[in-house]
Amino acid sequence: MRQPGDISDTERTARMIRVDHAGEYGAARIYAGQLAVLGRGATGATIRHMAAQEARHLHVFSDMIADRRVRPTVLLPFWHLAGFALGAITAALGEKAAMACTVAVEDAIDAHYRAQADELGVTEPELKNTIEEFRAEELEHRNIGLAHGAEQTPGYGLLYQAINAGCRVAIKLSERV
Ligand SMILES: [Fe+2]
Ligand SMILES: [Fe+2]
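Below is a summary of the structure that appears in this document.

Reading the values: the criteria
- Residues numbered from 1 in each chain as written.
- Chains lettered and ligands numbered in written order.
- Predicted model: local features only at pLDDT ≥ 70, side-chain atom pairs only at ≥ 80, totals over all residues.
- Heavy atoms only, no water.
- Phe/Tyr/Trp six-rings, centres within 6.5 Å; stacked < 30°, edge-to-face > 60°.
- Helix = DSSP H or I, 4+ residues; strand = E, 2+ residues; numbered from the N terminus.
- Buried < 20%, exposed > 50% of the residue type's maximum accessible area, 1.4 Å probe, protein only.
- Patch = residues over 30% accessible without salt bridge, like charges linked within 9 Å, V, L, I, M, F, W, Y side chains within 5 Å.
- Areas by Shrake-Rupley, 256 points an atom, 1.4 Å probe, with all protein chains shown as cover.
- Salt bridge = Lys/Arg side-chain N within 4 Å of Asp/Glu carboxyl O.
- Donors = N, O, S within 2.8 Å, 3.2 Å for Na, K, Ca; no water.

### Considerations on the packing of aromatic side chains
Inference 1: Enumeration according to the criterion identifies three aromatic pairs in this entry.
Inference 2: Both rings, one in Phe-61 and one in Phe-134, keep their centres 5.8 Å apart while their planes meet at 75°; by these two values the pair is edge-to-face. In this pair, Phe-61 is assigned in helix α2 (residues 44–67) and Phe-134 in helix α5 (residues 125–147), connecting sequence segments 73 residues apart.
Inference 3: Classification of Phe-134 as buried rests on a relative accessible area of 1%.

Below, the structure is given as structure tokens:
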């Protein structure tokens, strides 16, 4: 039975699409920031591979936002700047720090997508399939980060915690506003 304060299924799905669109938007900006610094470096091609996948994720959620008339988060201009800054600053610290950023971000997104897929169950099969497919690629990104020495970054634990916590706050905000 629906309780007072519960949100409708439509609003619940809208929140999911809103936050996923925001997350993929932010992810695309993080990789753009990394490429601005490291694009010509040894990891340039690897980062471009991940950036291309993020561009497709963003494209799919942009289409969903339009098709289902979901209001995008008002925070997009902020994620535009914050995402790029996060990518560029960690990249400026070095390739391993950029990869540590990727691990922290993709861990947060993996947990977020996993929770969404569980919540969706058998409703919204198209959305659920999209989430599962993208989650597999986010895990690929995280594993690329680990394979490129993310954990050897000086201060990895702190850097990871700060970025991962920041992502979780960004997710909470982007669901609602
Ligand atoms: Fe993505
Ligand atoms: Fe990703």
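### Thoughts on a nonpolar patch on the surface
Inference 1: On the surface, a cluster of nonpolar side chains totalling about 340 Å² of accessible area is made up of Val-74, Val-169, Leu-173 and Val-177.
Inference 2: Looking at the element boundaries, Val-169 is found in helix α6 (residues 156–176).

### Description of the coordination of the iron ion (ligand 1)
Inference 1: Within the protein, the atoms that donate to the iron ion (ligand 1) are Glu-24 (OE), Glu-24 (OE), Glu-54 (OE), His-57 (ND1) and Glu-138 (OE), at distances of 2.0 to 2.7 Å.
Inference 2: Taken in sequence order, the residues that donate to the iron ion (ligand 1) follow the motif E-x29-E-x2-H-x80-E.
Inference 3: Here the iron ion (ligand 1) and the iron ion (ligand 2) are spaced 3.6 Å apart, linked through Glu-54, which binds each one. One end of the pair, Glu-24, is in helix α1 (residues 9–38); the other, His-57, is in helix α2, with 33 residues separating them in the sequence. For the residue pair Glu-24 and His-57, the accessibility class agrees, reading buried in each case.

### Regarding the coordination of the iron ion (ligand 2)
Inference 1: Protein ligation of the iron ion (ligand 2) involves Glu-54 (OE), Glu-106 (OE), Glu-106 (OE), Glu-138 (OE) and His-141 (ND1), the donor distances falling in the range 1.7 to 2.7 Å.
Inference 2: Between consecutive donors of the iron ion (ligand 2), the numbers of intervening residues give the motif E-x51-E-x31-E-x2-H.
Inference 3: The exposure class of Glu-106 is buried, given its relative accessible area of 1%.

### Points about the pattern of salt bridges
Inference 1: In this structure the tally under the stated criterion is eleven salt bridges.
Inference 2: In this structure, Glu-132 engages Arg-135 in a salt bridge whose closest nitrogen and oxygen atoms are separated by 3.7 Å. With a gap of three residues between them, Glu-132 and Arg-135 both fall in helix α5, about one helical turn apart.
Inference 3: Judged by its relative accessible area of 34%, Glu-132 falls in the partly exposed class.
Inference 4: What you see here is one network of salt bridges that share partners, running through Asp-110, Arg-114, Glu-132 and Arg-135.

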